[in-house]
Amino acid sequence: MAEKIRVLLSEEEVDAKIKQIGEQISKDYAGRQVHLVCVLKGGSFFMCELAKRITVPVSLDFMSVSSYGSETKSSGVVRIVKDLDEPLKGKNVIVIEDIVDSGRTLSYLLDMLKDRGPESLRLCTLLDKPERRVVDVNVDYTGFQIPDKFVVGYGLDYDQRYRNLPYIGVVEFE
Ligand code: PRP
Ligand code: MN
Ligand code: MG
């Protein structure tokens, strides 16, 4: 365990940004109900904090996906490990992610969810690493664009650890 975590975005910065996004979503969806779809596990911390900052009616659902083995990863196919409990038909859906990296997970997921007939479908991510993009994804709400560093915290893991950090840190290996 010879790694150190350096703070990239402090708890205050992240919380302030989430509050801002919540206010923006509340404006954009005034008079409607939003249905937040959390992509487990990374999206979970962000979704809970964001949901608290949204003032229009909110409903929630969760799904879990995993990429196929590394050889087929370039195909961008993801496997649904846990599907949503409820249909999306007629709902104003916002998919909540912790990070968009290559874009493979989200591009596949958004295409799949679109076919379920939501009234609208948007993507909200806390972090975006544009340098790493392989597949084009349209992101509607972004917290922070960050450089290509290995980041953890606020839902993001390194080997399943550090998700619970209340800030975003960079893993420094020594
Ligand atoms: C990470 C992250 C996104 C996805 C982004 O999830 O939380 O869901 O990868 O990568 P991409 O843009 O290259 O597709 P991960 O598969 O690590 O699962 P986790 O959320 O359970 O950690
Ligand atoms: Mn994830
Ligand atoms: Mg992960």
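Below: a short report on this structure.

Rules behind the numbers
Residues numbered from 1 in each chain as written. Chains lettered and ligands numbered in written order. Predicted model: local features only at pLDDT ≥ 70, side-chain atom pairs only at ≥ 80, totals over all residues. Helix = DSSP H or I, 4+ residues; strand = E, 2+ residues; numbered from the N terminus. Expected span 1.5 Å × (residues − 1). Buried ≥ 20, exposed ≤ 12 C-beta atoms within 10 Å, placed from the backbone. Arc of directions from axis to C-beta. Near = placed C-beta within 6 Å. Nonpolar A, V, L, I, M, F, W, Y, C, P; charged D, E, K, R; others polar. Pairing = 2+ DSSP bridges. Axes fitted to C-alpha atoms, helices over the stretch in contact; angles between N-to-C directions. Contact = placed C-beta atoms within 7 Å.

On to helix α1 (residues 11–28). When the terminal C-alpha atoms of α1 are compared, their 26 Å separation across 18 residues agrees well with the 26 Å that a helix rising 1.5 Å per residue should span. Where α1 is concerned, the buried positions are Val14, Ile18, Ile21 and Ile25. Here the buried residues of α1 occupy an arc of 65° about the axis, which is enough to place them on one side. Pointing more than 90 degrees away from the buried face of α1 are the exposed residues Glu12, Ala16 and Lys27.

With that out of the way, let us pick up the site of ligand 1. Neighbouring residues of ligand 1: 15 residues in total, closest Lys41, Gly42, Asp101, Ser102 and Thr105. Elements represented by at least two residues in the shell around ligand 1 include exactly β2 (34–40), β5 (92–100) and α3 (104–114). Residue contributions to the shell around ligand 1 peak at four residues, all from β5. Partitioned by chemical class, the residues of the shell around ligand 1 number five nonpolar, four polar and six charged.

Take the sheet that holds strand β6 (residues 120–128) next. Within a beta sheet, neighbouring strands are joined by backbone hydrogen bonds and run either parallel or antiparallel to one another. Read from one edge to the other, the open sheet built from six strands follows the order β4-β3-β2-β5-β6-β7, with strand pairing classed as mixed. Taken across any chain shown, the strands that pair with only one partner, and hence form the sheet edges, are β4 (78–82) and β7 (141–145). Adjacent strand axes in the sheet meet at a mean angle of 30°, parallel and antiparallel pairs treated alike. Both strand β3 (residues 58–67) and β4 contribute to a ladder of four bridges, which runs antiparallel. Of the residues in β4, the one forming a bridge with Val65 is Ile80. Across the face of the sheet, helix α2 (residues 44–51) comes into contact with β2, β3, β5 and β6 while running at roughly 160° to β2.

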